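So the chains spell out like this:
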Amino acid sequence: MVSVVHQWNPDDWEIFALSLLQQRHGPLDVHKIPATHMGDYGIDYYCTADSVIYQCYAVEEPVDVATRADRQKSKITTDLKKLIDGAVEVSKLFLAKPVKKWILLAPIHDSKDVNLHCAKKTTDLRAQCHAHLDTDFEVCIHDQESFPGAALKAAIAALTSLSFSVEPPTKEELDAWQAGSPNLLANATKKLAKRAEVGELQTVVAASVECFLKGNALTDALRTNAPDLHEKVAAAITSRARRLAFAGPQGGPVPTNILNTELDILVTTIKGAAPSLSNANAEEIAMGAISDWIMRCPLDFSSDDI
């Protein structure tokens, strides 16, 4: 299965996280600590009503599970030191009420090692008896799955930029798809023979299959993470496919011209339907859709044009 990971930049993750936290605690009970002036005390957002602190952190993806966990543990350690060093100011922020929880809010949490690290830090800080921390103070990690679907949907809708990282399918995944889809593969091979140079057909077909699989994976990621956006993108692709079936492709007669023209049109169509989707993702989805059209129709090239 092709791997897809949402690529967050720090600003977008903080915006997304704020929406989630407002759903959890109420819009008037979540406060922001700007880091631009003399640091943030290891705090991005806090809620005095529930005596909880949130630090937002999105690891630069894609990375493996172990690397992600190591970076999250390092972030926890670094920012808890800020929380202790800024004890006087933190106590003022919470109106002298002791803090009950410090939570690292991350897009993905997929390693028990981070839980164990949180438990160790909890034990250490309780033993140190800091006046600004509750006797039952706890260090935690939460991710998107810690929030209900309605909150996630509202947070996604507030984003101005959405980007996913797609890992190329492995050779085993490509081979498995080709073995299970002989008719689609034959159709693609027949059509792309009109576009490929001599000796390059198998490379061109393999590239088309890879685009198809990556495009499908991205579409599935949109369906899961941003269903409203997925509906708009799917409708845009369907509308363009209907027109293509009715009126034929643009940009001919040379097959490469047709492909480039149709790709440009579809990317523009997708971006028009989903402006917040990154340009790279829009192009990957468009290439996947065009590969699908080649395999199933309606896109073909006339033999008379080559």
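As shown above, the structure is provided for reference.
Computed from a prediction, not measured in an experiment: that's the story for all the values here.

**Student:** Would you explain the pairing of strand 5 (residues 99–105) in this entry?
**Tutor:** Strand residues, when the strand is regular, have side chains that alternate between the two faces of the sheet. Counted residue by residue, strand 5 has five buried out of seven residues, so it is predominantly covered. Across five bridges, the pairing between strand 4 (residues 52–56) and strand 5 is parallel. For Ile53, the partnering residue across the bridge sits in strand 5 and is Trp102. By the bridge criterion, six bridges tie strand 5 to strand 6 (residues 133–142) in an arrangement that is parallel.

**Student:** What should I look at first to understand the nonpolar core in this one?
**Tutor:** For soluble globular proteins, nonpolar side chains are generally found buried alongside one another. If you look at the biggest cluster of nonpolar residues, it comprises 63 residues, and the most contacted ones within it are Phe16, Leu222 and Ile270. The contacts of Ile270, once residues within four sequence positions are left out, are Val233, Ile237, Leu277, Ala282, Ile285 and Ala286.

**Student:** Honestly, the packing of aromatic side chains in this entry has me stumped. Any pointers?
**Tutor:** Note on aromatic pairs: each is described by the distance of the centres and the angle between the planes. Evaluated as defined, the whole model comprises five aromatic pairs. Both rings, one in Trp8 and one in Trp13, keep their centres 5.0 Å apart while their planes meet at 65°; by these two values the pair is edge-to-face. Its relative accessible area of 0% is what places Trp13 among the buried residues. With a centroid separation of 5.4 Å and 50° between ring planes, the pair formed by Tyr46 and Phe94 is classed as tilted. Separated by 48 residues along the polypeptide, Tyr46 in strand 3 (residues 45–47) and Phe94 in the loop between helix 3 (87–93) and strand 5 bring together distant segments of the chain. As far as burial versus exposure is concerned, Tyr46 and Phe94 are alike and both buried. An aromatic cluster of at least three residues, connected via ring pairs, comprises Trp8, Trp13 and Phe16.

Rules used throughout
Residues numbered from 1 in each chain as written. Predicted model: local features only at pLDDT ≥ 70, side-chain atom pairs only at ≥ 80, totals over all residues. Heavy atoms only, no water. Buried < 20%, exposed > 50% of the residue type's maximum accessible area, 1.4 Å probe, protein only. Helix = DSSP H or I, 4+ residues; strand = E, 2+ residues; numbered from the N terminus. Pairing = 2+ DSSP bridges. Core = buried A, V, L, I, M, F, W, Y, C linked by side-chain atoms within 4.5 Å. Contact = heavy atoms within 4.5 Å. Phe/Tyr/Trp six-rings, centres within 6.5 Å; stacked < 30°, edge-to-face > 60°.

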